Each structure stands twice: as structure tokens, then as C-alpha cells.
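# Structural characterization, general
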Amino acid sequence: SPEVTINYRHGLPVITLTLPTRSERCQFTVKPVVTTVGAFLQDVQREDKGIERAEVFATDGSKVSDATLMEVLLMNDFKLVINNTAYSVSPPVKDKLSSEHATEMEDIKSLVHRLFVALHLEDHQIRRERELLQKLDHLKEELLPLEQMKARIMDSADAKTSRLLWVGLALMSTQGGALAWLTWWVYSWDIMEPVTYFITYGSAMAFYAYFVLTKQDYIYPDAKDRQFLHYFYRKSKKQHFNVERYNKLKEDLAEAEESLRRLRQPLHLRLPIQEISDKD
């Protein structure tokens, strides 16, 4: 018979059709849960090299995508077109599994999944660990010259900041000595008191101006850090040190190290403890 028939054998659908070149019946057993329509049609064309066209259409004439699972296709009637011949196919209604049998099937699927994880997870984790170690080596190699340049720039910025602090201390000491000299040796306190008042008021205005410009209180450690960063970025620009690239590499390095740390948790990811201890 030239018709396309579908029967279930051992729970799997068997599609029987006539090959056009040899005019003989051929059976195709498919796994509906994992086999797609495109894979089934490729199997048919491989069986008979004389098949130039193999397509599947729904009853309304629309083409069925090759990515559609056979399980979905077999739920309704469809048309199978081989070369210039169209076959109307009516899949038989499969008996529904009892709830007890369905539960057993789910248990079997779960067991198969656990066996797959047990057999393949170890190789996957070891391969992933090797990839992370290679990535870490590559990032550290890129960071090495940047780290050396950063260290030189930081030393220079720290030295300039320290010099600025000492200059500030020297100026304050000079101002204090000058006021004392003017008070006791040149003028009297009655004359110098307004001068010291306006110097104090001017200092308060300078601190307020610092707050207006920076939106920060004038706290000595914060001011020192701000001046250090100013020198650091100015020096980095002169020496063409890419701060953004350096920060990105440091973030990638930290992310890779964290991924490796999490990967090396054998109890959490079921990785064999012996394998990890050997590598450490």
C-alpha cells in the first residue's frame, strides 16, 4: 500500500512509508520527545537518495517547521509530501498512561538524569576549571605591566601629596611665628587682634568654599585622598595609563577568581574531593 501508516511499537511510533525509488516499504522508528520534524525528514532522504523534496504540512495547508518536535506533530493529522506526492496521515490515538505508570516513568527519567550528572559532571567541572585557570593566567599577564606602571604612578602621587602636606605645615608654622613676632616685638595685641580675627574668618571662608566646590567637609584624611587622586589621574594621563581598562581587567580577574572559588566547592557542585585536593 502506498499510504503512510503510523503504529506504536514498544511505546515508540513507527512510521511506515513507500520509498519512491525502490518502491518498497520502509519503517522509521522515531523518538518523539527528542526527534524533530527536520531530523525525521533527513532520515527519510538519507534512506532514499531519489527523494529531492520532503516536507510536512498541516491540514490547513501551512508548512510545519523543521524545529517542531515529532511528539507535537503526531497529536494531529498532517500531510507528508515526498517529491510530488502528498500523503494524508492520521496518527492513531495513543492510550493515555495511567497515573501510576506516569509516576514510574517520571521516576525513571529522574534516575536517568542523576546518572547522567554523575557520569558527566566531573569531566565538565574539570574542563571548566581548566578554562578558568587559563583565563586567570591571561588576565594576570595583561595586568602585570599595568600593575607596574600603576605602582610607579602611585609612588609619585604619594610623594607629591606628602610634600604638599609638609608645605602646608611649614606655611602654618611660618604664619604662627609671624603673628607671634608682630604681636610681641613689633606691635601690641590690641593692633594684632583684628588681624588674627580676619585671618580666622578667612580660613573659615576657605573651608566653606572647599565644601561648595567638592560637596565634602574639609576633613584632613579625605582632603589628602582627594589630592592624591588628583595627582594620580594627572600623572596617569601623562604616562598614557588607561585607568578604565585597568579597572575592567581587575573586575574580570575578581569575577574569574570568584567563579573558580565556587567551582572548587566539591560538596556544593558534587565535584570529587580527591580531584580538587590534588590540584590544590
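Residues numbered from 1 in each chain as written. Predicted model: local features only at pLDDT ≥ 70, side-chain atom pairs only at ≥ 80, totals over all residues. Heavy atoms only, no water.

### With respect to the sheet that holds strand 1 (residues 5-9)
In space, the three strands of this open sheet follow the order 1-2-3, with antiparallel pairing throughout. The sheet is open, and its two edges are formed by strand 1 and strand 3 (24-29), each paired on a single side. Strand-to-strand twist in this sheet, taken as the mean axis angle between neighbours without regard to direction, amounts to 30°. Sheet topology note: the strand 2 (residues 12-19)/strand 3 ladder contains six bridges and is antiparallel. What sits directly across from Thr18, in strand 3, is Arg25. Against the sheet, helix 1 (residues 37-47) touches strand 2 and strand 3, its axis set at about 145° to strand 3. (Pairing = 2+ DSSP bridges. Helix = DSSP H or I, 4+ residues; strand = E, 2+ residues; numbered from the N terminus. Axes fitted to C-alpha atoms, helices over the stretch in contact; angles between N-to-C directions. Contact = heavy atoms within 4.5 Å.)

### Here's the deal with helix 1
Three or more residues of helix 1 are buried, namely Val37, Gly38, Phe40, Leu41 and Val44. Viewed end-on, helix 1 has its buried residues packed into an arc of 160°, placing them on one side of the element. (Buried < 20%, exposed > 50% of the residue type's maximum accessible area, 1.4 Å probe, protein only. Arc of directions from axis to C-beta.)

### Considerations on the confidence of the model for the chain
The predicted structure's coordinates, where accompanied by low pLDDT, should not be read in detail. In this model, the chain carries a mean pLDDT of 81, and residues with pLDDT of at least 70 account for 84%. Predicted confidence in the chain is weakest over helix 8 (residues 273-279), with a mean pLDDT of 46, and strongest over strand 4 (residues 54-58), with 92. Considering only residues more than four positions removed or in separate chains, one finds that residues 273-280, a stretch of pLDDT under 50, has ten contacts. (pLDDT = per-residue confidence, 0-100.)

### Overview of unusual backbone geometry
Across the chain, the bulk of peptide bonds are trans and the bulk of non-glycine residues have phi less than zero. Phi is positive for Ser23, close to 50°, though the residue is something other than glycine. Examined against the element boundaries, Ser23 turns out to sit in the loop between strand 2 and strand 3. The backbone of His240 sits at a positive phi, close to 60°, despite the residue not being glycine. For His240, the position within the fold is in the loop between helix 5 (220-238) and helix 6 (243-263). Judged by relative accessible area, which is 72%, His240 ranks as exposed.

### Some points on the UniProt feature "transmembrane region" (unreviewed entry) in the chain
Mapped onto the present numbering, the UniProt feature "transmembrane region" (unreviewed entry) falls at residues 164-183 and 195-213. As a span, residues 164-183 carries 100% helix and 0% strand, and end to end its C-alpha atoms are 28 Å apart. With 100% helix and 0% strand, residues 195-213 has end C-alpha atoms that lie 27 Å from one another. (UniProt positions renumbered as here; feature names shortened; annotations may be inferred.)

### A word on the environment of Tyr231
The topology assignment puts Tyr231 in helix 5. Separated by 74 residues in sequence, Tyr231 and Ala157 place their C-alpha atoms 5.2 Å apart. When sequence neighbours within four positions are dropped, the list of residues in contact with Tyr231 reads Ala157, Lys160, Thr161 and Leu164.

### A closer look at the packing of aromatic side chains
The geometry of two aromatic rings is summed up by the distance between their centres and the angle between their planes. Applying the stated criterion across every chain yields a total of six aromatic pairs. Where Phe28 meets Phe40, the ring centres are 6.0 Å apart and the plane angle is 85°; that geometry is what we call edge-to-face. Of this pair, Phe28 sits in strand 3 while Phe40 is found in helix 1, placing the two residues twelve residues apart along the sequence. According to the relative accessible area criterion, Phe40 is buried, its value standing at 4%. With 5.7 Å between their ring centres and 50° between their planes, Phe241 and Tyr246 make a pair best called tilted. Judged by its relative accessible area of 5%, Tyr246 is buried. Ring pairs connect the aromatic residues Phe232, Tyr233, Phe241 and Tyr246, which therefore count as one cluster. (Phe/Tyr/Trp six-rings, centres within 6.5 Å; stacked < 30°, edge-to-face > 60°.)

### A closer look at the pattern of salt bridges
Tallied over the entire structure, the rule returns nine salt bridges. Across the pair Glu47 and Arg22 runs a salt bridge, and its minimum N-O distance is 3.7 Å. One end of the pair, Glu47, is in helix 1; the other, Arg22, is in the loop between strand 2 and strand 3, with 25 residues separating them in the sequence. Look at Glu47 and you get partly exposed, because its relative accessible area is 35%. Looking at Arg22, the relative accessible area reads 42%, which means it is partly exposed. A salt bridge links Lys250 to Glu147; the shortest N-O distance between them is 3.3 Å. One end of the pair, Lys250, is in helix 6; the other, Glu147, is in helix 3 (residues 99-186), and 103 residues separate them in sequence. A relative accessible area of 34% means that Lys250 is categorised as partly exposed. In this structure Glu147 comes out as partly exposed when scored by relative accessible area, which is 29%. One network of salt bridges, with partners in common, ties together Arg22, Glu24 and Glu47. (Salt bridge = Lys/Arg side-chain N within 4 Å of Asp/Glu carboxyl O.)

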